[in-house]
Amino acid sequence: MQAEEPHLAVIDIGSNSLRLVVYDRLSRAPFPRFNEKSFCGLARDLEETGLLPEDAVRQALAAVRRFVTIASAMGVGQIDILATEAVRRAANGGRFLAEIEAVTGIVPHLLSGLEEARFAAMGVLAGLWRPHGLVGDMGGGSLEVAAISSDGAQGEVEENRMSLPLGGLPVDTLMRRSVSAAKAHVDALLEAHLPAAPDRYPTFYMVGGGWRALARVHMTETGAPVRVAHGYTAPASSMRKLARRIWQMKPGELVELPGAPPRRLAMLPAAALVLDRVLGRLASERVVVSALGLREGWLYGRLDEAERRRDPLLEGARAVGAARSRVPAFAAALERWTDDLFAGETMADKRLRQAACALSDIAWTDHVDAQAQQSFRRLLQFPFIGLDHAERVWLAAAVHARYGGKRNDAAMRPAIDLLDKPRRRRALILGRAMLLAYRFSGSVPTILDASRLVARKDRLRLEVGAVEIVPDSDAVRARLERLAKALDSRDSDIVTTDRTH
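From a predicted model like this one, the values you see are computed outputs, not experimental measurements.

(A) Region of interest: the pairing of strand β13 (residues 459–464). As defined by bridge partners, strand β12 (residues 451–455) adjoins β13 across five bridges and the pair is classed as antiparallel. Each bridged residue has a counterpart across the sheet, and for Ser-451 the counterpart in β13 is Val-464. Adjacent in sequence and paired antiparallel, β12 and β13 are bridged by three residues. Judged from the six bridges that link them, β13 and strand β14 (residues 491–496) form a sheet pairing that is parallel. If you follow Val-464 over to β14, its bridge partner there is Thr-496.

(B) Here's a closer look at the packing of helix α15 (residues 330–337) against helix α19 (residues 421–441). Between α15 and α19, the shortest axis-to-axis distance is 11 Å and the interhelical angle comes to 120°. As far as their axial angle goes, α19 and α15 are oblique. The hand of the α15/α19 crossing is right-handed. Taking contact as the criterion, the partners of Phe-330, Leu-334 and Trp-337 in α15 are, on α19, Ala-433, Met-434, Leu-436, Ala-437, Tyr-438 and Ser-441. Considering only residue class, the contact of α15 with α19 consists of eight nonpolar, one polar and no charged.

(C) Geometry of the sheet that holds β12. With mixed pairing, three strands are arranged side by side in an open sheet as β12-β13-β14. Whereas interior strands pair on both sides, the edge strands pair on one side only; in this sheet they are β12 and β14. Taken pair by pair, the neighbouring strands of this sheet meet at an average axis angle of 15°, ignoring direction. Helix α21 (residues 474–486) contacts β12, β13 and β14 of the sheet and is inclined by roughly 130° relative to β14.

(D) Broad picture of a positive patch on the surface. On the surface, Lys-406, Arg-407, Arg-482 and Lys-485 cluster together to form a positively charged patch. Within the fold, Arg-482 resides in helix α21.

(E) Here's a closer look at the sheet that holds strand β4 (residues 76–83). Strands sit in the order β3-β2-β1-β4-β5 across an open sheet of five strands; the sheet is mixed. The sheet is open, and its two borders are formed by β3 (32–39) and β5 (109–110), each paired with just one other strand. The pairing of β4 with β5 spans two bridges and is classified as parallel. Each residue of the ladder has a partner; that of Leu-82, found in β5, is His-109. Along the sheet face, helix α4 (residues 93–104) touches β1 (7–13), β4 and β5 and points at about 165° away from the line of β4.

(F) Main features of the side chain of Arg-426. Counting through the fold element by element, Arg-426 comes out in helix α19. When its relative accessible area of 11% is taken as the criterion, Arg-426 is described as buried. With residues near it in sequence (within four places) discarded, Arg-426 still touches Phe-342, Glu-345, Asp-349, Lys-350, Arg-353 and Trp-394.

(G) Main features of the packing of aromatic side chains. Under the definition given, this model contains six aromatic pairs. Taken together, a centroid distance of 5.8 Å and an interplanar angle of 70° make the contact between Phe-31 and Phe-382 edge-to-face. Here Phe-31, found in the loop between β2 (17–23) and β3, pairs with Phe-382, found in the loop between α17 (371–381) and α18 (389–402); they are 351 residues apart in sequence, far enough to count as distant. Like Phe-382, Phe-31 is buried. Considering the side-chain rings of Phe-330 and Tyr-438, the 4.6 Å spacing of their centres and the 50° angle between planes classify their relative orientation as tilted.

(H) Up close: the pattern of salt bridges. Using the criterion set out here, one finds 41 salt bridges in the structure. For Arg-95, the salt bridge goes to Glu-99, with nearest N and O atoms at 3.6 Å. Highlighted residues: Arg-95 and Glu-99, both in helix α4, separated by four residues, approximately one helical turn. We classify Arg-95 as partly exposed; its relative accessible area is 42%. According to the relative accessible area criterion, Glu-99 is partly exposed, its value standing at 25%.

(I) Expanded view of α17. Residues of α17 that are buried: Gln-371, Ala-372, Ser-375, Phe-376, Leu-379 and Leu-380. Projected onto a plane normal to the axis of α17, the buried residues spread over an arc of 150° and lie on a single side. On its buried face, α17 is in contact with α18.

Reading the values: the criteria
Residues numbered from 1 in each chain as written. Predicted model: local features only at pLDDT ≥ 70, side-chain atom pairs only at ≥ 80, totals over all residues. Heavy atoms only, no water. Pairing = 2+ DSSP bridges. Helix = DSSP H or I, 4+ residues; strand = E, 2+ residues; numbered from the N terminus. Axes fitted to C-alpha atoms, helices over the stretch in contact; angles between N-to-C directions. Parallel < 35°, antiparallel > 145°, perpendicular 65-115°, else oblique. Left-handed = near helix turned anticlockwise from the far one by under 90°. Contact = heavy atoms within 4.5 Å. Nonpolar A, V, L, I, M, F, W, Y, C, P; charged D, E, K, R; others polar. Patch = residues over 30% accessible without salt bridge, like charges linked within 9 Å, V, L, I, M, F, W, Y side chains within 5 Å. Areas by Shrake-Rupley, 256 points an atom, 1.4 Å probe, with all protein chains shown as cover. Salt bridge = Lys/Arg side-chain N within 4 Å of Asp/Glu carboxyl O. Lys, Arg positive; Asp, Glu negative; His and termini not counted. Charge placed at Lys NZ, Arg CZ, Asp CG, Glu CD. Buried < 20%, exposed > 50% of the residue type's maximum accessible area, 1.4 Å probe, protein only. Phe/Tyr/Trp six-rings, centres within 6.5 Å; stacked < 30°, edge-to-face > 60°. Arc of directions from axis to C-beta.

Purely geometric stuff here, so don't read any function into it on its own.
Okay, here's the thing in structure tokens:
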């Protein structure tokens, strides 16, 4: 039996909070196993004193010690500690890092502003499929901006990157004194350092808890059918309109914002002000939210080039599917069996089909009456990366159909409204094909490989390569007819291509 790969952990020491994330393994699509945050406010007095407050330091040291204890007890093979803006600016930051090393035995990595920008951008490269544009990561102490471009399956972080003192804490301090002065200060810094190039960077990728909170408010107010922050896409004009409204709100009005995380409310106006001014400066067309940032970029940077080129959606789907299926090898046979199902299939469509095949057996332990709806809800919320909301819905719809779900199932609304009719039809066809494949083959790859589907204009045919496995089952024929109906074929039949009998 192959030994399980060791877990790994990243502790991120930010200006406002510390976070521990334990990942299952180092891979193209690592899954978080444990996630905990401690709000310490290391940078709360930095603008006035130039120091990390002693009580915040003590709280941070206790949090780090606890995080290391938890990670070690979980069998983590490596723990990385990353320190950012507050620590690098504070006069007592070096002493704080030395104390961390003393109590944990781990040497922290103090990142420069440009390194922080690079790793945040690499997190976006890791978490989204072929992104291209500008990445903005607004933390508690600073704003990092970096340009990314896609080169085939692997993207790169361009040299155009910067770090500006426009984090939530310093901007909030300025706003408490004078909102108009804070706005002028932000505008001056952006005008001096941030290039306005909308033609080259029409997409702005939002990273950081404050901006994710804004996105959650936007999703709630606009009635977004999928409430997953990662991959959420919206017109930049709409997001900017919301941001402008929020930074102009009075404190008492913030608590009425629908969808706003309570612990983010205090810093929400600062996050909104910076986003408003950034989007105004860039004149971006759209914004895309990334839940992956510095920590995931740090891990992505440890991968070799071949691993980085892997598709994060397929890596994640195959890992999850193999762990939850009855016959892990069947997914690959199902991919081969459906290769010719769609004429003119694009690369984007192919990767979704392959991911659906990988996940096609995840609900086999559920009650048969609940399989379709349970799988749809599960896939709609599962923490996959490398896909947007519409692709997430398509994947869920295909597996829903694989379990016999009806095309007008109310459980799929309102999410299914993200797909137009051709994409809904494609998901239904693939789902019906997978449903047929499982019933016909008994989940045996060799039996499936000995057959093929032939779809003509008016007829669907299941060709079977051996007489011994020709199905004589009403259930198989019923599933073949359901697939034919989805394909708009008038007739269907099962034939043998075995010439030895």
